[in-house]
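# Summary of structural features
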Amino acid sequence: MLMGRRGFLGLGALAGSSLLLAACGGGDSGSVSSAGKEGGTLRWGWSEVTSWDPVTSSAGWDVHALSLAYAALTKLDEKGNPVPALAESWKYNEDGTQVTFNLRAGLTFSDGTPLNATAVSKSLARGRDFAGSLVAAQLANVKTLAADDDARTVTIGLASVDYQIPSLLAGKTGMIVSPTAFEKDAKGLALKPVGAGPFRLTEYVPNQSAKLVRFPEYWDKANIHLDAFELYPAPEAATAVPALQSGRLDVAQIPGSQVEAAKAAGLEVQVIPSLVTTVLDVNITMKPFDNPKVVEAFKHALDRKALADTQTFGLGVVNYQPFPPGYVGHEPSLDNAFPYDPEKAKKLLAEAGHPDGVEVPLTTTGASSALAEQVQAQLAKVGVKITIETIPAAQATQIMYIQHSRAFATDGFAGRDSAVQAFQVLFGDQGLMNPGRQTPPELTAALQKVRETPLDDPSYPTVLRAATKIAVEKMPNIFLFTTPRVLARKKNVSELGSYLAVQRFEGVRVG
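Scoring rules and cut-offs
- Residues numbered from 1 in each chain as written.
- Predicted model: local features only at pLDDT ≥ 70, side-chain atom pairs only at ≥ 80, totals over all residues.
- Heavy atoms only, no water.
- Helix = DSSP H or I, 4+ residues; strand = E, 2+ residues; numbered from the N terminus.
- Rg over C-alpha atoms; globule rule 2.2 N^0.38 Å.
- Buried < 20%, exposed > 50% of the residue type's maximum accessible area, 1.4 Å probe, protein only.
- Contact = heavy atoms within 4.5 Å.
- Areas by Shrake-Rupley, 256 points an atom, 1.4 Å probe, with all protein chains shown as cover.
- Lys, Arg positive; Asp, Glu negative; His and termini not counted.
- Charge placed at Lys NZ, Arg CZ, Asp CG, Glu CD.
- Phe/Tyr/Trp six-rings, centres within 6.5 Å; stacked < 30°, edge-to-face > 60°.
- Lys NZ or Arg CZ within 6 Å of the ring centre and 35° of its normal.
- Core = buried A, V, L, I, M, F, W, Y, C linked by side-chain atoms within 4.5 Å.
- Polar contact = N/O pair within 3.5 Å; in protein donor to acceptor, adjacent residues only side chain to side chain.
- Pairing = 2+ DSSP bridges.
- Axes fitted to C-alpha atoms, helices over the stretch in contact; angles between N-to-C directions.
- Salt bridge = Lys/Arg side-chain N within 4 Å of Asp/Glu carboxyl O.

The next point concerns the overall build of the protein chain. A tally of helices and strands in the protein chain yields 14 helices and 22 strands. Relative to its length of 511 residues, the protein chain is compact, with a C-alpha radius of gyration of 23 Å against a globular reference of 24 Å. Counting the 511 residues in the protein chain, one finds 55% classified as buried. For the protein chain, restricting intrachain contacts to residue pairs at least 6 apart in sequence, the fraction spanning at least 24 positions comes to 71%. Total accessible area on the protein chain is roughly 19800 Å²; 52% of this is exposed by carbon and sulfur atoms. Measuring between centres, the 47 positive side-chain charges of the protein chain sit 2 Å from its 51 negative side-chain charges.

This part is about the packing of aromatic side chains. Throughout the structure, instances matching the rule amount to 16 aromatic pairs. Members of the aromatic cluster, connected to one another through ring pairs, are Trp44, Trp46, Phe199, Phe229 and Phe505. The side chain of Arg504 reaches across the aromatic face of Tyr499, ending 4.1 Å from its centre.

The biggest cluster of nonpolar side chains holds 101 residues, and the ones touching the most others in it are Leu42, Trp44, Trp52 and Leu73. No other element matches helix H12 (residues 419-427), which puts seven residues into this core. Sequence-distant contacts of Trp44, defined by excluding residues within four places in its chain, comprise His64, Leu68, Phe229, Glu230, Leu231, Tyr232, Leu249, Val251, Leu487, Gln503 and Phe505. One finds Leu280, Phe298, Leu349 and Val384 within the second-largest nonpolar core, a separate group that totals 30 residues.

By the secondary structure assignment, Ala105 is in the loop between strand E8 (98-103) and helix H2 (117-129). Between the alpha carbons of Ala105 and Leu115 there is a distance of 9.2 Å; along the sequence they are 10 residues apart.

Once that is clear, we can look at the side chain of Asp250. Following the sequence through the fold, Asp250 ends up in the loop between helix H5 (237-245) and strand E14 (251-253). A relative accessible area of 2% places Asp250 in the buried class. Of the polar contacts made by the side chain of Asp250, one reaches the backbone nitrogen of Arg43; its length is 2.7 Å.

The next subject is the sheet that holds strand E7 (residues 87-92). Where strands meet in a sheet, backbone hydrogen bonds hold them as pairs that are either parallel or antiparallel. The four strands are arranged E7-E8-E10-E9 in an open sheet whose pairing can be described as antiparallel. Pairing within the sheet leaves two strands with one partner each, and these edge strands are E7 and strand E9 (142-148). Sheet twist, expressed as the average angle between the axes of neighbouring strands with direction ignored, equals 20°. Inspection of the sheet shows E7 paired to E8 by five bridges, in the antiparallel sense. Residue pairing for E8: Tyr92 is matched across the bridge by Val99. Lying on the sheet, H2 is in contact with E8, E9 and strand E10 (153-158); it crosses E9 at an angle near 160°.

We now examine the pattern of salt bridges. As enumerated under the stated definition, the model contains 21 salt bridges in all. We note a salt bridge from Lys490 to Asp250, for which the minimum N-O separation is 3.4 Å. With Lys490 in the segment after strand E22 (485-489) and Asp250 in the loop between H5 and E14, this pair connects stretches of sequence that are 240 residues apart. Its salt-bridge partner being Glu506, residue Arg504 comes within 3.1 Å of it at the nearest N-O pair. Given a relative accessible area of 15%, Arg504 falls into the buried group. One connected set of salt bridges, linked through shared partners, spans Glu38, Arg214, Asp227 and Arg509.

Spelled out as structure tokens, the structure:
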């Protein structure tokens, strides 16, 4: 999740290849409802996927596009709470070691095969056991899977108590893939998704476009009004507004710098709260960060308000933790956890043995060069000499998340459907954004308590926030600010839903 979403558009060997699938007709094009036309095509400028297979997708941002083609057992509402999707209900046993999901009747995959309990069980088992699975860690606690097609139930037996499962299965981890497809050609899913989402992929040219049509058997088809959906790479800042004005796109994410230009051009602009937080990754196994005082000094040396104002044009919110204000895991006592204090930073550096300053490389991609330069300027004021290393965005995953070979890097956390899953990515001993691969035992214990607390238990917010506090105070990650999702749309596109985790399009119409 190194900052720079476009970096994850690099598809390596897939670049330049083309996959054309058989197209199918649309739905009820041409009919008109009281809220606007039924049908039409929506063209969205957004990040393409690293893989159309949710099990091998390597970027958190992928979940937005994948949710077009796949449905999960649950989904998150606008506040981030799990609600029914493919599963119409679920129930835990008495001790929280088993949860049974009740599937809706008549579910079908886009390849025409039945989406029954057996299919759900096989799909989840693949996510847990597949050699190349990138969601396996999230499913490690799944001990058994039992399917009953007649009763339409899937019962998940857990190795230990875990009440996070309904949230966890709302995202990529819970997206159900057709067993017929992965048993025949698992690698092919990277280009040709087979799920049961609101749309079905018909044409895909990596790095150029993805075209989808409405899937008429989608479980919530009554709330899908578009006939077709086209996905294009997110435009550059300077070309976003012209792309919308020309009609090449109908909806696009725009930077804060383009909000006024979009409004002046007659476009609608929605600022949607999100879980996206800008963060600096710190490797505590590498000098000088092997000294905790250096890490603390850096946390006090950064003026987050100035960073947020400059990098987001005032739309970002200063944040010292991984969850935004208003989210259940946000701990208010951390709202000024490491106040900007250059003198304190200098004192801490001196105590750490660096009275005359220290030299540190900062790794970034080109998309985050402005942030890196501002961090460089701020740290210079306390005697830290930053050397910026710009790496190709296409190599960011390998360098940052696999090799863990950099001491200090700009990054962005896209959030996760389950709070515990977010902790695993950021702070777990195998977490992608924890390059030092160390987790203090008190944080591990706090997370276990979160897992053992039902989501609807009155104590859940308190338990989760306690874990947040430990993580922020004990872990080296330097959180900077939370950034909303800024979407500009043409006036003939109806208002978009406001979802913290995943941008969905139920209820959206094109006039």
